[in-house]
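Understanding the architecture of this molecule
One letter stands for each residue in the lines below.
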Amino acid sequence: MKNSIQRGHSLAIIAAAAVESGQLVVAGRMVGVAGADADAGDQVEIHLEGVYELTKTPTQAWSVGTLVYAVPATGVLTTAASGNVLVGVAVEATVNPSATGIVRLNGSFSPAAA
């Protein structure tokens, strides 16, 4: 197709802050996982699809299929929708306390926060 730019499984964006490979990146209503380290102002490839182990609110227990959101200021995952950005769903149950959870990224842009 002559108007295709790229597949879109990952996108190169300018990092608003320093990021490390594997870190969740929130850019407006878009969420992805950094494919490499980058300094603020550098280009970084973020992956919009896939399953990743990511930092979560330690006091929350998750069930398989629980909707998971990112707190924009910190990138920490939560089940609280209000003011946060949809990331995807939990693919493994977690207990309270636990520092990380396994999440399938939704691969699309998050709708406006509730």
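Summarised in this report is the structure supplied together with it. (Residues numbered from 1 in each chain as written. Predicted model: local features only at pLDDT ≥ 70, side-chain atom pairs only at ≥ 80, totals over all residues. Heavy atoms only, no water.)

**Some remarks on the overall build of the chain**
- Each helix and strand in the chain was counted, giving zero helices and nine strands.
- Across the chain, helices and strands are ordered from the amino to the carboxyl terminus as β-β-β-β-β-β-β-β-β.
- Taken over the C-alpha trace, the chain has a radius of gyration of 14 Å; the compact-globule value for 114 residues is 13 Å, and the two agree within 12%.
- Along the first, second and third principal axes, the C-alpha set of the chain runs to 45 × 30 × 25 Å.
- Going through the 114 residues of the chain one by one, you find that 34% of them count as buried.
- Across the chain, the fraction of contacts at a sequence separation of at least 24, relative to all contacts at a separation of at least 6, is 50%. (Helix = DSSP H or I, 4+ residues; strand = E, 2+ residues; numbered from the N terminus. Rg over C-alpha atoms; globule rule 2.2 N^0.38 Å. Buried < 20%, exposed > 50% of the residue type's maximum accessible area, 1.4 Å probe, protein only. Contact = heavy atoms within 4.5 Å.)

**Re the sheet that holds strand β4 (residues 43-47)**
- Pairing in this open sheet of four strands is antiparallel, and the strands run β1-β4-β3-β2 from one edge to the other. Looking at strand neighbours, the two that pair on one side only are β1 (10-14) and β2 (24-27), the edges of this open sheet. This sheet shows a mean twist of 45° between the axes of neighbouring strands, independent of strand direction.
- In terms of strand pairing, β1 meets β4 through five bridges, oriented antiparallel. Across the sheet, the residue bridging to S10 is H47, located in β4. (Pairing = 2+ DSSP bridges. Axes fitted to C-alpha atoms, helices over the stretch in contact; angles between N-to-C directions.)

**Topic: the packing of aromatic side chains**
- Applying the stated rule across the entire model yields zero aromatic pairs.
- The ring of W62 is capped by K56, whose NZ or CZ atom sits 5.4 Å from the centre of that ring. (Phe/Tyr/Trp six-rings, centres within 6.5 Å; stacked < 30°, edge-to-face > 60°. Lys NZ or Arg CZ within 6 Å of the ring centre and 35° of its normal.)

**Some points on the nonpolar core**
- Ranked by size, the top nonpolar core spans 13 residues in total, and within it L24, L54, W62, V68, L77, V87 and V103 carry the most contacts.
- When residues in this core are grouped by element, the largest group, three residues, is from strand β8 (residues 85-90).
- Setting aside chain neighbours within four positions, we find L77 in contact with L24, L54, T55, K56, T57, Q60, W62, V68, Y69, A70, V87 and V103.
- Residues I13, V19, V25 and I46 belong to the second largest nonpolar core, which totals eleven residues. (Core = buried A, V, L, I, M, F, W, Y, C linked by side-chain atoms within 4.5 Å.)

**Overview of the pairing of β2**
- Alignment of β2 against strand β3 (residues 30-34), held across four bridges, turns out to be antiparallel. The residue bridging L24 from the neighbouring strand is V33, located in β3.
- Between β2 and β3, which pair antiparallel in sequence order, lie two residues; one of them, G28, sits at a positive phi of approximately 65°.

**Structural notes on the sheet that holds strand β5 (residues 51-55)**
- Read from one edge to the other, the open sheet built from five strands follows the order β5-β9-β8-β6-β7, with strand pairing classed as antiparallel. Strand pairing shows two members of the sheet lacking a second neighbour, β5 and β7 (77-78), which therefore form its edges.

**A closer look at a negative patch on the surface**
- A contiguous patch of negative charge, built from E20, D37, D39 and D42, is present on the exposed surface.
- Considering the arrangement of structural elements, one finds D39 in the loop between β3 and β4. (Patch = residues over 30% accessible without salt bridge, like charges linked within 9 Å, V, L, I, M, F, W, Y side chains within 5 Å. Areas by Shrake-Rupley, 256 points an atom, 1.4 Å probe, with all protein chains shown as cover. Salt bridge = Lys/Arg side-chain N within 4 Å of Asp/Glu carboxyl O. Lys, Arg positive; Asp, Glu negative; His and termini not counted. Charge placed at Lys NZ, Arg CZ, Asp CG, Glu CD.)

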